[in-house]
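Read off the chains here:
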Amino acid sequence: MSKPAKIAIKDVAKAFGENVVLDGVSLDVKTGESLAIIGQSGTGKSVLIKCILGLLTPDAGSIRIDGQEVVGASEREQERIRRKTGMLFQGGALFDSLPIWRNVTFGLTRGAYKNPAKMRDIAAENLERVGLGADILDLRPSALSGGMQKRVALARAVAPRPEILFFDEPTTGLDPIRADVINDLIMSLVDDLGITALTITHDMASARKIAHRVAMLYRGRIIWCGPRDRLYDSGNPYVDQFVQGQAEGPIR
Ligand SMILES: Nc1ncnc2c1ncn2[C@@H]1O[C@H](COP(=O)(O)OP(=O)(O)OP(=O)(O)O)[C@@H](O)[C@H]1O
C-alpha cells in the first residue's frame, strides 16, 4: 500500500488583485518524503508555502495536512496544525540578541527564559546533530560564519521535532562546498527523524540531492513533477530550459 499524503494540495488558487499567482495547484507530499519545488522568481513558491502554513488564505481549493483541512480552519485548529511544522528561513533568521543555545531552543520556549540547564542540554544535542560543538552555546550568531549560522538555524528548526519541515532556499548565500554540507545535513535529518520535507529552491544541485521528487511551478500551476533523477531528462521543454538555465526556450 502506498504511503498516505502528509500534505495534500488540490486546485489551490490565489490572486492579489489582478495578479493571479496560483491558478489551480495540485500536489501531494507523502509521509517521510522530501519534495522540492523549483520555479522562476516570483512564480508563487513562497505564496504556496504561506497558504500551507495558514498565513495566507487561498481563494479556492483545499490543503490538507494529515487529512485535516487547513483552508477555512479556525485559528485554534491552524495553530494545532502549525505545531507539527517547522521552517528554515532564507538567511537563517537567527536572533543576534540571544546566545546560540536560546536561538536553538526558541521554538520550545517561545523565546522565554525557562529551564536554562535543560534547554542548554537540548541545544547541545541538536547542535551535535548538525556537526557543531557545545563550545558555541554562549556565542552570538554574528560570531559565526554564514555556513555555521545555517547549521544553527537547522538545529533550531529540528529541535521541536516537527513532523513537517519547510526549507526556503536552504543553500542561498553559501559556496558550493558549504551548500553541499547543508544538503547532506538536511538529508540525514529528514531520514533519521522521519520528517516530511518541502523545499523551495533555485539550486538544482540541491534539489537533486535533497529531494526524492521535484515539482516545477510555472504560471500558477505545477507543470511537471517527477523523481529527482528525471530532472535533467524530464521530456518537458520548460523544465529543460529552467534546469539548464538557458535564455532561449518556451519560458519568456
Ligand atoms: N502579501 C502579498 N500581497 C500582494 N502580492 C503578493 C503578496 N505576497 C506575494 N505577492 C506576489 O505574489 C507573487 C509571487 O511571490 P512569491 O514570493 O511567492 O514568489 P517566489 O516564487 O517565492 O519568488 P522567489 O523565488 O523570488 O522567492 C509576486 O508577484 C508577489 O509580488
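Criteria and cut-off values
- Residues numbered from 1 in each chain as written.
- Predicted model: local features only at pLDDT ≥ 70, side-chain atom pairs only at ≥ 80, totals over all residues.
- Heavy atoms only, no water.
- Axes fitted to C-alpha atoms, helices over the stretch in contact; angles between N-to-C directions.
- Helix = DSSP H or I, 4+ residues; strand = E, 2+ residues; numbered from the N terminus.
- Parallel < 35°, antiparallel > 145°, perpendicular 65-115°, else oblique.
- Left-handed = near helix turned anticlockwise from the far one by under 90°.
- Contact = heavy atoms within 4.5 Å.
- 1 Å grid on protein atoms, 1.4 Å probe; cavity = no way out; pocket = protein on both sides within 12 Å on 5 of 7 lines; lining within 4 Å.
- Points joined across faces, edges and corners; volume = space filled by probe spheres on them.
- Nonpolar A, V, L, I, M, F, W, Y, C, P; charged D, E, K, R; others polar.
- Salt bridge = Lys/Arg side-chain N within 4 Å of Asp/Glu carboxyl O.
- Buried < 20%, exposed > 50% of the residue type's maximum accessible area, 1.4 Å probe, protein only.
- Domains from an automatic or database assignment.

A. Main features of the packing of helix H6 (residues 146-158) against helix H7 (residues 176-193). For the pair H6 and H7, interaxial distance at closest approach is 10 Å and the crossing angle is 15°. Relative to H7, the element H6 lies roughly parallel. Here H6 and H7 pass one another in a crossing that is right-handed. For the pair H6 and H7, the contacting residues are Gly147, Lys150, Arg151, Leu154 and Val158 in the first and Arg178, Val181, Ile182, Leu185, Ile186, Leu189 and Leu193 in the second.

B. Quick look at empty space enclosed by the protein. Counted according to the given criterion, the structure contains 1 cavity of 30 Å³ or more. Of the voids in this model, the largest cavity is the one considered here, and its volume is about 40 Å³. If you go around the largest cavity, the residues you meet are Ile52, Leu53, Gly54, Ile65, Val70, Gln78, Ile81, Arg82 and Thr85. Per element, the largest residue contribution to the lining of the largest cavity is 3 residues, and it comes from helix H2 (residues 75-82). Partitioned by chemical class, the residues of the lining of the largest cavity number 5 nonpolar, 3 polar and 1 charged.

C. Fine view of the pattern of salt bridges. Per the stated rule, a full pass over the model turns up 16 salt bridges. A salt bridge links Arg64 to Glu69, with the shortest nitrogen-to-oxygen separation between them at 3.8 Å. As a salt-bridge pair, Arg178 and Asp175 come within 2.9 Å of each other at their nearest N and O atoms. On the basis of relative accessibility, which here comes to 44%, the residue Arg178 falls in the partly exposed class. By relative accessible area, Asp175 is classed as partly exposed at 32%. Here the salt bridges share partners, and the residues they tie into one network are Lys6, Asp66, Lys84 and Glu163.

D. Looking closely at the layout of surface pockets. In this structure, the largest pocket occupies an estimated 670 Å³ of space. For the largest pocket, the lining is made up of 18 residues, of which Arg82, Thr85, Gly86, Met87 and Gly107 are closest to its centre. The set of elements that each furnish at least two residues to the lining of the largest pocket consists of H2, strand S6 (85-88), helix H4 (106-109) and H6. The dominant element in the lining of the largest pocket, judged by the number of residues it contributes, is S6, at 3 residues. A breakdown of the residues in the lining of the largest pocket according to their chemical character gives 10 nonpolar, 3 polar and 5 charged. There are two domains that each give the lining of the largest pocket at least three residues, and those are domain 1 (1-84 + 162-252) and domain 2 (96-161).

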